[in-house]
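# Residue-level structure breakdown
These are the residues of each chain, in order.
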Amino acid sequence: MVQDIDIADLKRITELIYSKYGYDFRNYAMSSFKRRILRIIELKNLSIESLLKKLNDSPAFINEFLDELTVNVTEMFRDPSFWRVMRDEIIPGILLNHKTFNIWHAGCSSGEEVISMAILLKEMGIHNDVSLYATDLDVNILEKAKTASYPAKNMDLNEKNYIRFEGKWSLRDYYKEENGRVTFDKNLYNNVTFRKHDLVVGEIFNKFDLILCRNVMIYFNQALQNEVLKKFHESLFKYGYLAIGSKESLIWCDVANRFLVANNEEKVYKKIKD
Amino acid sequence: MGPMSRFSLDNSYKAVVIGGSAGSFQGITKILSQLPKTFPLPIIMCLHRLKHVRNGFVEALSIKSVFPVTEPYDKEQIKKGGVYLAPSNYHMSVELGNYFAMSTEEMINNSRPSIDITLGTAAYVYRDKLIGILLSGANRDGGLGMKHIHDKGGLTIVQEPTECMIDTMPKAALSLTKIDHVLKVDEIVSLMKELDKHYK
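Residues numbered from 1 in each chain as written. Chains lettered and ligands numbered in written order. Predicted model: local features only at pLDDT ≥ 70, side-chain atom pairs only at ≥ 80, totals over all residues.

### What about the overall build of chain A?
- Helix and strand counts for chain A stand at 9 helices and 10 strands.
- Relative to its length of 274 residues, chain A is compact, with a C-alpha radius of gyration of 19 Å against a globular reference of 19 Å.
- Dimensions of chain A along its principal axes, counting C-alpha atoms only, are 55 × 50 × 30 Å.
- Buried residues in chain A amount to 40% of all 274 residues. (Helix = DSSP H or I, 4+ residues; strand = E, 2+ residues; numbered from the N terminus. Rg over C-alpha atoms; globule rule 2.2 N^0.38 Å. Buried ≥ 20, exposed ≤ 12 C-beta atoms within 10 Å, placed from the backbone.)

Quick look at the structure:
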């Protein structure tokens, strides 16, 4: 078993992926990236050399690789207090100015956050007035997200979060359970567009009133976070909102002074300058 | 030989990292409350905690602590005089360049934050300039992290199992790697005070 990986070997991997496939992991945070590579090596029973060879020789392997590399651990209504602030402060704030608006879930992973937002909008009675864009660079996880189907064993935690969110009903009202899996009501995804998008190399593709990117940029180094935040700034309408993870901050980025803190505890920012 | 010389410390250390779980709160509070005011090193703590209680823990630890305890932000620089606590529901790594990085990767040993991750990454960055302390706890998390610290030449300390409310955690470390000192909390406090003197 490989115990540790040299920085030089990590560089060989990121350079190969970039030159061959165009995905840029060169500015990812080192320790978590290393753990992901170690995990893949262990899971697929590879060495560094055989991993490099596989990445080089079999293009079909790249999607499987990306699926394992990206962290796809998430919850519905993660940080229930965040979702209460969305419902009680942020979205009412947007509604003051617009009857219809766009939301971008950047790095949507398996879709738990998109489901949460769709349920929230439904309970606010504005589900049909909002367009949601959910993006990720991992095409396998996007396919999973589209099915809106999850292992039933995950639902305990999700239900607990929903109760803390103080939703109107029960999470159970939104899904059917069969053979150890639950599938959410497809109507929730009426206004959701899933698309592949890479935050690092991807273009700006729309303008939004609200962008959620929680616990995604923690996998980037500070320089890359700075670049991605510039893209978010550009993708927001003036007075639009950006929500990041509870342990992330805008303090040290270049666009910091173009945002105002809308809610410090839940890390929601409002764009005030173009 | 007086008690002051038993640890053979010097002033080369760069950080102290502490892991703990069930039954460690009292011990950690005691250590933080009796630190010398000039304590020269950052203290990095990873303690198992309730996943969905984001607030309260850091405040409880701060009450008696000599230094304010904070839950760092992702990419926050690690500083002397800082006492840092891994936030709930995140793994906390130490990165080359002396800053923290958070992650939401899978739980390890049913834990997030994982003590192994914090200790292991700190060992990678600080190598033989690290002191690792593992306190009372009910699972095996932290043992592997202590092994990493020892393998890189750092100093390893566990709480005396007979003093622990639950001794699974220090015992796991003792079975996995060489532990330099098995100490009661009061002796850990003495070690911290002695360490402080080496930096004057």
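Having seen it, we continue.
### As for the overall build of chain B
- Along its length, chain B carries 6 helices and 9 strands.
- For 200 residues, the compact-globule estimate of 2.2 N^0.38 gives 16 Å, and chain B sits close to it at 15 Å.
- The principal-axis extent of the C-alpha atoms belonging to chain B is close to 50 × 35 × 30 Å.
- Looking at chain B as a whole, 52% of its 200 residues are labelled buried.

### What about the domain arrangement of chain A?
All names here are of chain A.
- By the assigned domains, chain A splits into domain 1 (7–69) and domain 2 (80–271).
- Between the C-alpha centres of domain 1 and domain 2 there is a distance of 28 Å.
- Every contact between the two is made by 10 residues of domain 1 and, on the other side, 13 residues of domain 2.
- The element that contributes the greatest number of residues to the side of domain 1 that touches domain 2 is helix 4 (residues 61–69), accounting for 3 residues.
- Residue composition of the side of domain 1 that touches domain 2, grouped by class: 4 nonpolar, 4 polar and 2 charged. (Domains from an automatic or database assignment. Contact = placed C-beta atoms within 7 Å. Nonpolar A, V, L, I, M, F, W, Y, C, P; charged D, E, K, R; others polar.)

### A short note on the confidence of the model for chain B
- Overall, the predicted model of chain B reaches an average pLDDT of 94, with 97% of residues at or above 70.
- Interface scoring of the predicted complex returns ipTM 0.93; its pTM is 0.94. (pLDDT = per-residue confidence, 0-100.)

### Describing the pairing of strand 8 (residues 155–159) of chain B
Residue and element names in this part refer to chain B.
- Within strand 8, 5 of the 5 residues are buried, which leaves it mostly tucked inside the rest of the structure.
- For the crossover that starts at strand 7 (residues 130–134), traverses helix 4 (residues 143–151) and ends in the parallel strand 8, the hand is right-handed.
- Looking at chain direction, strand 8 and strand 9 (residues 181–183) are connected through 3 bridges and run parallel. Across the sheet, residue valine 158 finds its bridge partner in strand 9, namely valine 182.
- Remark: the strand 8/helix 5 (residues 168–176)/strand 9 crossover connection has right-handed handedness. (Right-handed = clockwise from strand over helix to strand, strands pointing away. Pairing = 2+ DSSP bridges.)

### Observations regarding the packing of helix 1 (residues 7–21) of chain A against helix 3 (residues 48–57) of chain A
Residues and elements named next belong to chain A.
- Between helix 1 and helix 3, the shortest axis-to-axis distance is 10 Å and the interhelical angle comes to 5°. By the criterion of interaxial angle, the relationship of helix 1 to helix 3 is roughly parallel. For the pair helix 1 and helix 3, contact is made by Asp9, Arg12, Ile13, Leu16, Ile17 and Lys20 and by Ile48, Leu52, Leu55 and Asn56, respectively.
- Taken together, the residues of the contact of helix 1 with helix 3 break down into 6 nonpolar, 1 polar and 3 charged. (Axes fitted to C-alpha atoms, helices over the stretch in contact; angles between N-to-C directions. Parallel < 35°, antiparallel > 145°, perpendicular 65-115°, else oblique.)

### Overview of the sheet that holds strand 4 (residues 175–178) of chain A
All names here are of chain A.
- An order of 3-5-4 is seen for the 3 strands of this open sheet, with the pairing classed as antiparallel. Single-partner strands in this sheet number two, and they are strand 3 (149–151) and strand 4. Each strand axis lies, on average, 25° off the axis of its neighbour in the sheet, ignoring direction.
- Where strand 4 and strand 5 (residues 181–184) come together, 4 bridges link them in antiparallel fashion.

### Digging into the interface of chain B and chain A
- Facing 16 residues of chain B, the contacting portion of chain A comprises 15 residues.
- For the side of chain B that touches chain A, the secondary-structure elements that each account for two or more residues are strand 5 (91–95) and strand 6 (99–103) of chain B.

### Some remarks on the packing of helix 3 (residues 115–126) of chain B against helix 4 of chain B
All names here are of chain B.
- Two numbers describe how helix 3 lies on helix 4: the axes approach to 7 Å, and their chain directions differ by 10°. Our classification of the angle between helix 3 and helix 4 gives roughly parallel. Each of Ile115, Asp116, Thr118, Leu119, Gly120 and Ala123 in helix 3 lies in contact with helix 4, whose residues at this interface are Leu144, Gly145, Met146, His148 and Ile149.

### Regarding the environment of A:Ala134
Residue and element names in this part refer to chain A.
- Mapped onto the secondary structure, alanine 134 falls in strand 2 (residues 130–136).
- It is 21 Å that separates the C-alpha atoms of alanine 134 and tyrosine 162, two residues lying 28 residues apart in sequence.
- When neighbours within four sequence positions are excluded, alanine 134 is seen to be in contact with His105, Cys108, Gly111, Val114, Ala145, Val192 and Phe194.

### Side note on the sheet that holds strand 2 of chain A
All names here are of chain A.
- Pairing within the open sheet is mixed, and its 7 strands lie in the order 6-2-1-7-8-10-9. Strand pairing shows two members of the sheet lacking a second neighbour, strand 6 (192–196) and strand 9 (259–263), which therefore form its edges. Neighbouring strand axes in the sheet, compared pairwise and without regard to direction, differ in orientation by 20° on average.
- As paired elements, strand 7 (residues 208–213) and strand 8 (residues 236–244) share 5 bridges and run parallel to each other. Its bridge partner being in strand 8, phenylalanine 208 is matched across the sheet by leucine 236.
- The strands touched by helix 5 (residues 80–95) are strand 1 (101–106), strand 7, strand 8, strand 9 and strand 10 (268–271); relative to strand 9, the strand with the most contacts, the crossing angle is about 135°.

### Some words on unusual backbone geometry
- Residue B:Pro113 is bonded to the preceding B:Arg112 through a cis peptide linkage, with omega at 15°.
- Relative to the elements of secondary structure, B:Pro113 occurs in the loop between strand 6 and helix 3.
- Even without glycine at this site, A:Tyr239 takes up a positive phi of about 75°.
- As for its placement among the helices and strands, A:Tyr239 is situated in strand 8.
- Residue classification places A:Tyr239 among the partly exposed positions, given that 15 C-beta atoms sit within 10 Å.
- A positive phi is found at B:Asn89, a non-glycine position, where the angle reads about 70°.
- B:Asn89 gets classed as buried once you count the C-beta atoms within 10 Å, which come to 22.

### Here we look at helix 2 (residues 30–43) of chain A
- Look at helix 2 of chain A: 20 Å from first C-alpha to last across 14 residues, which is about the 20 Å you get at 1.5 Å a residue.
- In the stretch just after helix 2 of chain A, A:Asn45 is the one whose phi turns positive, near 55°. (Expected span 1.5 Å × (residues − 1).)

### Re the nonpolar core
- Within the largest apolar cluster, 126 residues are counted, with the highest numbers of intra-cluster contacts made by A:Val114, A:Ala118, A:Leu132, A:Ile211, A:Leu242, B:Met45 and B:Ala122.
- Each of domain 1 (7–69) and domain 2 (80–271) of chain A contributes no fewer than three residues to this core.
- Residues within four places of A:Ile211 in sequence aside, it is in contact with A:Trp104, A:Ala106, A:Phe232, A:Ser235, A:Leu236 and A:Leu242. (Core = buried A, V, L, I, M, F, W, Y, C linked by C-beta atoms within 7 Å.)

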